[in-house]
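# Coordinate analysis (summary)
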Amino acid sequence: MAQSKAQEEKQQKILRGLLQEPGNKKCFDCNMKGPVYANLTHATFVCTTCSGIHREFNHRVKSISMATFKPEEIELLKRGGNDAARRRWLARWTPDDFPEPDTTDQARIRQFMRLKYIDRRWFREDGGMSAPPGGADSAPKPVPKQQPGDFRSP
């Protein structure tokens, strides 16, 4: 069922508010200012370049300004965000492990994302997203480890 114009406007207002949070003002994967996409697989905000790379990995990405979001997707992003993702996906990361890639170096960004999401090199199970209002049982389930070359979305 299609959402009403009022619901869409309310969701856009929530998304704009989430983008104003300090941790969400830059792309989670390359630190470019002003992310314009939501990565629903990891509940993060990313730039146009990184959204394309996420799609290569079959991660679910939506344009913040052009797409319609379901209420559960908005809730996921409210519980997640870039700071929560950093605590989960980069919990054990240091710049000595793999320096953050330059925003213009797509090959390095792709390599960093592969280490982060596919190899789960710095992942910590208990880091990240807060429990939803319904309690921990309704929280998103952990993303299963993917095998090398397996780009299907979990």
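Everything below is about the structure printed above this text.
We now turn to the structure provided with this report. Every value quoted in this text rests on a predicted model; they were computed, and no experiment measured them. (Residues numbered from 1 in each chain as written. Predicted model: local features only at pLDDT ≥ 70, side-chain atom pairs only at ≥ 80, totals over all residues. Heavy atoms only, no water.)

Within the secondary structure, histidine 59 is located in the loop between α2 (48-56) and β3 (61-63). In this structure histidine 59 touches Asn39, Thr41, His42, His54 and Tyr117, once residues within four positions along its chain are discounted. (Helix = DSSP H or I, 4+ residues; strand = E, 2+ residues; numbered from the N terminus. Contact = heavy atoms within 4.5 Å.)

Strand order in the open sheet made by the three strands is β2-β1-β3, with antiparallel pairing throughout. With partners counted over all chains shown, the strands left at the sheet margins are β2 (44-46) and β3, one partner each. Between one strand and the next, the sheet's axes are offset by a mean angle of 30°, whatever the strand orientation. In terms of strand pairing, strand β1 (residues 37-39) meets β3 through three bridges, oriented antiparallel. Of the residues in β3, the one forming a bridge with asparagine 39 is valine 61. (Pairing = 2+ DSSP bridges. Axes fitted to C-alpha atoms, helices over the stretch in contact; angles between N-to-C directions.)

With that settled, consider α2. If you check which residues of α2 are buried, you get Cys50, Ser51, Ile53 and His54. Buried residues in α2, looked at end-on, bunch into an arc of 160°, giving them a common side. In the core, the buried residues of α2 are packed alongside β1, β2, β3 and α5 (106-118). Among the residues trailing α2, asparagine 58 stands out with phi positive, at a value near 65°. (Buried < 20%, exposed > 50% of the residue type's maximum accessible area, 1.4 Å probe, protein only. Arc of directions from axis to C-beta.)

For the rest of this paragraph, the subject is the packing of aromatic side chains. Each aromatic ring pair is summarised here by two numbers: the centre-to-centre distance and the angle between the ring planes. Evaluated as defined, the whole model comprises five aromatic pairs. Here the aromatic rings of tryptophan 89 and phenylalanine 123 are separated by 4.7 Å at their centres, their planes lie at 55°, and the arrangement is tilted. With a gap of 34 residues between them, tryptophan 89 in helix α4 (residues 82-89) and phenylalanine 123 in the segment after α5 connect regions that are remote in the sequence. The pair tryptophan 89 / phenylalanine 123 is uniform in exposure class, with both members buried. Relative to phenylalanine 112, the ring of phenylalanine 98 has its centre 5.4 Å away and its plane inclined at 20°; by these criteria the two rings are stacked. Placement of the pair is phenylalanine 98 in the loop between α4 and α5 and phenylalanine 112 in helix α5, with a sequence separation of 14 residues. Note on phenylalanine 98: relative accessible area 6%, which makes it buried. The structure contains a cluster of three or more aromatic residues connected by ring pairs, namely Trp93, Phe98, Phe112 and Trp122. Here the basic side chain of lysine 62 rests over the ring of phenylalanine 69, its NZ or CZ set 5.0 Å away from the ring centre. (Phe/Tyr/Trp six-rings, centres within 6.5 Å; stacked < 30°, edge-to-face > 60°. Lys NZ or Arg CZ within 6 Å of the ring centre and 35° of its normal.)

This part takes up the side chain of asparagine 39. Its location among the elements puts asparagine 39 in strand β1. A polar contact of 2.9 Å, which involves the side chain of asparagine 39, links it to the backbone nitrogen of threonine 41. A distance of 3.1 Å separates polar atoms of two side chains, one belonging to asparagine 39 and the other to histidine 54. When near neighbours in sequence (up to four residues on either side) are disregarded, asparagine 39 contacts Thr44, Val46, His54, His59, Arg60 and Val61. (Polar contact = N/O pair within 3.5 Å; in protein donor to acceptor, adjacent residues only side chain to side chain.)

With that out of the way, let us pick up α5. Taking 1.5 Å per residue as the helical rise, α5 with its 13 residues ought to reach 18 Å, and the 17 Å between its terminal C-alpha atoms agrees with that figure. Along α5, the positions that sit buried rather than exposed are Ile109, Phe112, Met113, Leu115, Lys116, Tyr117 and Ile118. Where α5 is buried, its residues contact α2 and α4. A positive phi of about 55° marks arginine 120, the residue just after α5. (Expected span 1.5 Å × (residues − 1).)

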